[in-house]
Amino acid sequence: MTDTAQFCTFFVADRFFGVDVTRVQEVIRYQEMTRVPLASPVIRGLINLRGQIVTALDMRARLGLASLSAGRLPMNVVVRTDDGAVSLLVDEIGDVVEVADDCREDPPETMSAEARELISGIYKLKGQLLLVLDPERAIAEAAVRRGTEN
Amino acid sequence: MSIGDEDIFREFLIESTENLDQLDRDFVALESNPTARERLGGIFRTIHTIKGTSGFLGLSKLEALTHSGESVLSRLRDGELVLTPEITSVLLSMVDGVRRILACVAVDTTEGGEDFSSIVEALDVFLKTPKAAAAQGAGSLGEILLSQGAITQEEVSAALEQQKSDPRKIGTILIERGAVKPDAVLDALSMQNDARAAVSDSSIRVDVGLLDKLMNLVGELVLTRNQILQVAAQGKDTSFVATSQRLNLITTELQEGVMKTRMQPIGNVWSKFPRVVRDIALACKKQVKLDMVGEETDLDRTIVEAIKDPLTHIVRNSVDHGIELPEVRVAQGKPSTGRLLLRAFHEGGQVNIEISDDGGGIDPEKIRQKAVSRGIISPERAQRMSDRESLGLIFMPGFSTAEKVTNVSGRGVGMDVVKTNVEKIGGTVDVQSKPGQGTTIKIKIPLTLAIIPALIVCSNDERFAIPQVSLLELVRLEGEQAMKSIESIHGAPVYRLRGNLLPLVHLNHTLGLPERSGKLEVLNIVVLRADDRQFGLVVDGVNDTEEIVVKPLGKELKGLSAFAGATIMGDGKVALILDVLGLAQRANVISEVRDRNLAGDGAGAETNEESKRAMLVFGVSRDGRMAMPLSMVARLEEFRRDGLERSGGQHVVQYRGEILPLIDLCGTLDSSDVADGDPPLQVVVYSEHGKSVGLVVERILDVVEQTASAMHRSSCPGILGSAVLAGKVTDLLDVHGVIRAQNAHFFDGASAA
């Protein structure tokens, strides 16, 4: 018996990502957003999550990918952080998967720099690879980027 | 342990803790009025209740401790003992002991290992002292009857005397003696009961978790309401529309109500300070009177929690370091009792808390020396520091002004921690002090989480909230007027608001939003104040004012100075709250403030040579150009020539109910014959210390930025020098010189003022 981990999975531009399931507060469909002028393009807007204001980060922009084609609405993966909840906007939601720790590997050096700094590990699943996203880093980097742009 | 027992324990803990907090206040109040029976009775009942319940729950140590306390209290209540500071101290330590036991009970329902026998012994000492003669004390029933004029003091005393040998109640005795009618006793008894019941009936205890849950549920309700409203708007069913409108109203009210439940008065934090101040004052052998103003100022629950420790620290510091020993105070001609004032109020969308003492104050020189000796700043830097800057040093880590470390302060938890904690919730701390007169520490907690009134504007189909405190007025220009009244000074739009030049900032432009296309039909200007500077914010539309609940932005958006937070609008959508100061800085409105402030200081205007400043350029003759700092311009006015009058050999006009002397810079006033067709006089109004003078110029040309260093000095009177402004040589007007030449006494009043 090896240790296993559970991940909430989702797709961004056909890439298969996962976030530690204990970090995920909820998954909700597209919500109306309020744009934040002057903020980095990664920050898509603010959503009202039952009275709580949550910042929505565009994962496509964060990963340096082209934005979602017009007419398709992203989903919200709301993750808990030390500073409250943050929503990750993704293309589509997958299942919650349970994977064994022994099929994990570090991200390869050849990945794009933008993607590699967010991905803490890769699980080799049958037929596809699961990229594990570090939500803290995804958020922190978004803040830093804005800082340099200003 | 069964569930039922756990519930009993929890109830017991909650109730006891609450009662104990009240006890602290009561004891301190008692010290100034040791015979207030109502309070003594209240304290006795509280301890009695705890004793009773602890016996029932098998908490023997707690029972023993409270039993001793109860015995002393009952003798105090009956007037057999008179409350002295020593008794108060022991009783307070008993209360502390009860607290510590309760804390242990809260953890694992045991009483903990601490030994309280010393407190019990100390209490028992007072029991052994001989009974004091039954003090003046008429029971509170007697007092009430007395105050109603139903009986006389002699009758009460006689009844009290009889009561010593007679176990019956005083009311019965009084009736029996025929001193008072039974009705009067019944009335007095019911009054007594009413006073006891009134406080407990008006409020109930609610679990905070439940409130948070309610808040979230209301949020959900708001969203559902919105969906129903949308459905209703599409349908044709009028009764459904009416019902949904009603749902709309009720939801909004419910939302507001629930939001308000999260607010707490700051008095909740302050309530423990009388005890804190008393203990420290006693330990330091000082006399301190604590006054509190604005206890009812509402703060969000989370903020109340966050400021508890910083405030306690400041209060401790004030008593320990601030207020001097009574002897010292008397020697300095101050009353021997020091005064500590806590003040809280809402201002400028912020909650202000001030802690001021009338103690020794802080000597900036000492602070500098200390900072140098601790290696916090270099000696050179210390020399350059202003007194105000020096005071700020007390917030540096590792700084303590206390000469010696006492058990009260100077234990390493310094003002730097206070500052850090206050800043953590987005607040600021400031210290003001006058040596020998006292110190005031001002804490400002920004609007975060507080409910504030705000103006809702829209720009580019987005709504923004502007805190009402920054709002001065709204200006709406329509049609032709909208186009014509906006003038441009080198690309910077301005509007003449009652003669003042009001710089305009376009919200869309500042926030990087696309400009509205098409012809401007209407122009909405929101006149705002940032620091002491006004500017006009041009927005697409002005909606309404609303009470909004300010929510902080996430960490990832903190760096955006243009926004103070966000709020959820009535329809459930998020709207950003504009930070007026940040916005002004972004639009470079503020940079001029510095010049304006310096100019206000009088001499400052000429010395500020390095920075750029805005100059008003005007024509004085056909091709003569002159300029003066814009900061010295109070207003630009036009006067009809036939309004010109003479007084004391000067040209004057009537202006705002006063006489405005004119100084003719063009030299045309005397020669000109008044004719109706003549253009009005262009006058630059200069004001200082309530006096104004008008400078008559030929025309106003422009406002330009000037770097003062490029100036050539001039020996010509009335002219400071000349410089190249906007590509042309321009004389710089010596405003003060010109005014002095005309009216030598103009500045006299100013220097005297």
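Structure: see above.
Cut-offs applied
- Residues numbered from 1 in each chain as written.
- Chains lettered and ligands numbered in written order.
- Predicted model: local features only at pLDDT ≥ 70, side-chain atom pairs only at ≥ 80, totals over all residues.
- Helix = DSSP H or I, 4+ residues; strand = E, 2+ residues; numbered from the N terminus.
- Buried ≥ 20, exposed ≤ 12 C-beta atoms within 10 Å, placed from the backbone.
- Contact = placed C-beta atoms within 7 Å.
- Axes fitted to C-alpha atoms, helices over the stretch in contact; angles between N-to-C directions.
- Parallel < 35°, antiparallel > 145°, perpendicular 65-115°, else oblique.
- Left-handed = near helix turned anticlockwise from the far one by under 90°.
- Nonpolar A, V, L, I, M, F, W, Y, C, P; charged D, E, K, R; others polar.
- Pairing = 2+ DSSP bridges.

Across its full length, chain A holds three helices and eleven strands. Ordering the α and β elements of chain A from the N terminus gives β-β-β-β-β-α-β-β-β-β-α-β-β-α. The buried share of chain A, reckoned over its 150 residues, is 38%. Partitioning the contacts of chain A with sequence separation of at least 6, the portion at a separation of at least 24 is 58%.

All names here are of chain B. Direction vectors running N to C along helix H3 (residues 60-77) and helix H5 (residues 117-128) enclose 25 degrees, while the axes themselves pass 9 Å from each other. The pairing of H3 with H5 is recorded here as roughly parallel in orientation. As for the relative orientation of H3 and H5, their crossing is left-handed in sense. Of the residues in H5, those touching H3 at Ala64, Leu65, Ser68, Gly69, Ser71, Val72 and Arg75 are Ile119, Val120, Leu123, Asp124, Phe126 and Leu127.

The next subject is the interface of chain B and chain A. Tallying the contact residues gives 24 residues for chain B and 24 residues for chain A. Considering every element that reaches the side of chain B that touches chain A, the biggest residue donor is helix H10 (residues 208-234) of chain B, with five residues. When its residues are assigned to classes, the side of chain B that touches chain A shows twelve nonpolar, six polar and six charged.

Before going further, it helps to examine the sheet that holds strand E11 (residues 129-133) of chain A. All names here are of chain A. The sheet built from six strands is open, its strands ordered E8-E1-E2-E11-E10-E9 with mixed pairing. At either margin of the open sheet sits one strand with a lone partner, and together these are strand E8 (92-100) and strand E9 (104-105). Where strand E2 (residues 15-20) lies against E11, two bridges are found, and the strand directions are parallel. Residue Gly18 lies in a different strand from E11, and its bridge partner there is Val132.

What follows is about unusual backbone geometry. All names here are of chain A. With a phi angle near 50 degrees, Ala13 is a residue other than glycine that sits in the positive phi range. Turning to its location among the elements, Ala13 is positioned in the loop between strand E1 (4-12) and E2. On the basis of neighbour counts, which here come to 13 C-beta atoms within 10 Å, the residue Ala13 falls in the partly exposed class. At Asp14, a position not held by glycine, the phi torsion is positive, near 65 degrees. The residue Asp14 is located in the loop between E1 and E2 in this model.

Let us look at the sheet that holds strand E21 (residues 635-639) of chain B. Residues and elements named next belong to chain B. Spatial ordering of the open sheet is given by E21-E25-E26-E24-E23-E22, a layout of six strands whose pairing is mixed. The open sheet has two edge strands, E21 and strand E22 (645-647), and neither has a second partner. Taking the axes of each pair of neighbouring strands and ignoring which way they run, one obtains an average angle of 45 degrees across the sheet. In this structure, strand E25 (residues 681-688) lies alongside strand E26 (residues 691-697), joined through seven bridges in antiparallel fashion. Considered in E26, the bridge of Ser687 is made with Ser692.

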